[in-house]
Amino acid sequence: MNFKKTAETLIKDAHTLEQDYYINPDILQKEYENIFLKNWICAGRSSDLNEKGQYKVINIGTESVIVLRGDDGELIAYYNVCRHRGTRICEKESGQFSKSIQCKYHGWTYNLNGQLFGAPNMDTVDKFNKNDYSLHPVTIAEWDGFMFINLSDSPKEFETAFAPLMNRFSHWSIADLAVHETKQYIVNGNWKLVIQNYCECYHCPILHPDLAAIHNYMGGHNDLYEGPFLGGYMDLNEDKESITASGQLCCPPLDGVKGDNLNRVYYYSIFPNMLLSLHPEYVMYHTVWPEGIDKCKVTCSWLFSKQTVDSGEYKTSDAIDFWDMTNKQDWYISQLAQLGIRSKKYFPAPYSGQESLLAAFDKHYLSVLNQSV
Ligand code: FES
Ligand SMILES: [Fe+2]
């Protein structure tokens, strides 16, 4: 693989984004239309939905999607919109359907395949055919145990869109890992501030002294540095084994992680709303969801091998608590960034060599935001 150092790839004259991108609700609207409703977005782990009929609801802007495990065990997704008078069907974030999906208004009822089979008194309506009123499907894909949905009416094929990531993380066998812990956070800052903050360690010595003691903030090596997927690895300091409170492994390394990967942590941002962090013994991922121009919801999950989780022998909290602390430091500074950026005295300023991925993120973001399709 051809690794390049961060400083070598800074886009010439790269500056931070204009203020509007963080404070103007019209921009958020455009982001929904051109980014979140047209691209593949991470909707969690397929193991979130283990049972037939188990569902979760993904709300994004004015859209809402029901993602569920169907009768045949497959993952399916529908717009959360009744085909009668449009009423939102599911209100809860997650739940379990018995064998059908019923709208609370007039009781139109759909099977788990989204087909309308119950529509009280509609048989007297001329030419009414239940087959014409199935729930509108949403395209769904699964990769490494993650679910992705795409609300475009003509989505790019997942395998094509994600080609640079296919098999890239096979050593970690992420599909086989179990979600051990999930935390949700509300951040009073624009969603892009969370992504941008993740894409650099320039802030590590000041904001995260404990993290900075584990890996050198100047030691980033990016292997993906343009386009929708950005990131690379950081070498752990010689006396460190992982990102945990002690700096040591909190459980045995994952089976396929060998050689150099035992001394590295890999960080990737996956456009638009996912962050993926691979450690020798565990994987962490974030999803980021705008909730207004100056607020977002972040989920963070920690994945371990099933043996580690089942054994209960290991102090996995060393990893979880360390990152929970680090997350909160990141949200704190992102909120201060949002406050400052609102000022009439905020102007774009140059990125440093350690912020090349932010420049790359901004470039890709602007190209997608401004595409006219
Ligand atoms: S709006 Fe759903 S049954 Fe009438
Ligand atoms: Fe940070």
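All figures in this text were calculated on a predicted structure; none of them were measured in a lab.

## Here we look at helix α4 (residues 191–198)
Logical step 1: Counting buried positions along α4 gives 8 out of 8 residues, so the element sits mostly inside the fold.
Logical step 2: All of the buried residues in α4 are Trp191, Lys192, Leu193, Val194, Ile195, Gln196, Asn197 and Tyr198.

## Some remarks on the pairing of strand β4 (residues 63–69)
Logical step 1: Within β4, 5 of the 7 residues are buried, leaving the element largely enclosed by the surrounding structure.
Logical step 2: Judged from the 6 bridges that link them, strand β3 (residues 54–60) and β4 form a sheet pairing that is antiparallel. Bridge pairing in β4 places Lys56 opposite Val67.
Logical step 3: Hairpin connection of β3 to β4: 2 residues between the antiparallel strands, including Gly61 at a positive phi of 60°.
Logical step 4: Where β4 lies against strand β5 (residues 75–79), 5 bridges are found, and the strand directions are antiparallel.

## Here's the deal with the environment of Ser352
Logical step 1: If you trace the backbone, Ser352 turns up in the loop between α8 (317–341) and α9 (356–369).
Logical step 2: What makes Ser352 partly exposed here is the crowd of 15 C-beta atoms within 10 Å.
Logical step 3: When the C-alpha atoms of Ser352 and Tyr202 are compared, they prove to be 8.4 Å apart, with 150 residues separating the residues in sequence.

## Overview of α8
Logical step 1: With 25 residues, α8 ought to run about 36 Å at 1.5 Å a step, and its terminal C-alpha atoms sit 35 Å apart, in line with that.
Logical step 2: Among the residues making up α8, those that are buried are Ala319, Ile320, Phe322, Trp323, Asp330, Trp331, Ser334, Gln338 and Ile341.
Logical step 3: Next to the buried residues of α8 lie α1 (20–23), β12 (178–187), α4, β17 (283–290) and β18 (296–304).

## So, the sheet that holds strand β11 (residues 146–150)
Logical step 1: The strand order across the open sheet built from 3 strands is β2-β11-β10, with neighbouring strands paired in antiparallel fashion. Each edge of the open sheet carries a strand with a single partner, namely β2 (41–45) and β10 (139–143). Shown here is a sheet whose adjacent strand axes are inclined to one another by a mean of 30°, direction ignored.
Logical step 2: Inspection of the sheet shows β10 paired to β11 by 5 bridges, in the antiparallel sense.

## Describing the environment of Thr316
Logical step 1: Here Thr316 shows up in the loop between α7 (306–311) and α8.
Logical step 2: Distance from Thr316 to Glu63, taken between C-alpha atoms, is 36 Å for residues 253 residues apart in sequence.

## A closer look at the nonpolar core
Logical step 1: Ile66, Val67, Ala77, Phe148, Ile149 and Val194 are the most contacted members of the largest nonpolar core, which has 87 residues in total.
Logical step 2: Both domain 1 (4–37 + 171–369) and domain 2 (41–161) contribute no fewer than three residues apiece to this core.
Logical step 3: Not counting chain neighbours up to four residues away, the residues in contact with Val67 comprise Ala43, Leu49, Tyr55, Lys56, Ile58, Leu75, Ala77, Ile140, Met147 and Ile149.

## Description of the domain arrangement of the chain
Logical step 1: According to the domain assignment, the chain contains domain 1 (4–37 + 171–369) and domain 2 (41–161).
Logical step 2: One C-alpha centre belongs to domain 1, the other to domain 2, and the line joining them spans 31 Å.
Logical step 3: Listed by contribution, the elements that provide at least two residues to the side of domain 1 that touches domain 2 are α2 (25–36), β12 and β17.
Logical step 4: Residues belonging to the side of domain 1 that touches domain 2 are distributed by class as follows: 11 nonpolar, 2 polar and no charged.

## Looking at unusual backbone geometry
Logical step 1: Of note, the amide linkage connecting Phe271 to Pro272 takes the cis form, showing an omega dihedral of 0°.
Logical step 2: The phi torsion at Asn121 lies on the positive side, around 65°, for a residue other than glycine.
Logical step 3: Note that Asn121 resides in the loop between β9 (116–118) and β10.
Logical step 4: The class of Asn121 is exposed, set by 8 C-beta atoms lying within 10 Å.
Logical step 5: Its identity as a non-glycine residue notwithstanding, Lys127 has a phi of 65°, on the positive side.
Logical step 6: By the secondary structure assignment, Lys127 is in the loop between β9 and β10.

About the cut-offs
- Residues numbered from 1 in each chain as written.
- Chains lettered and ligands numbered in written order.
- Predicted model: local features only at pLDDT ≥ 70, side-chain atom pairs only at ≥ 80, totals over all residues.
- Buried ≥ 20, exposed ≤ 12 C-beta atoms within 10 Å, placed from the backbone.
- Helix = DSSP H or I, 4+ residues; strand = E, 2+ residues; numbered from the N terminus.
- Pairing = 2+ DSSP bridges.
- Expected span 1.5 Å × (residues − 1).
- Contact = placed C-beta atoms within 7 Å.
- Axes fitted to C-alpha atoms, helices over the stretch in contact; angles between N-to-C directions.
- Core = buried A, V, L, I, M, F, W, Y, C linked by C-beta atoms within 7 Å.
- Domains from an automatic or database assignment.
- Nonpolar A, V, L, I, M, F, W, Y, C, P; charged D, E, K, R; others polar.

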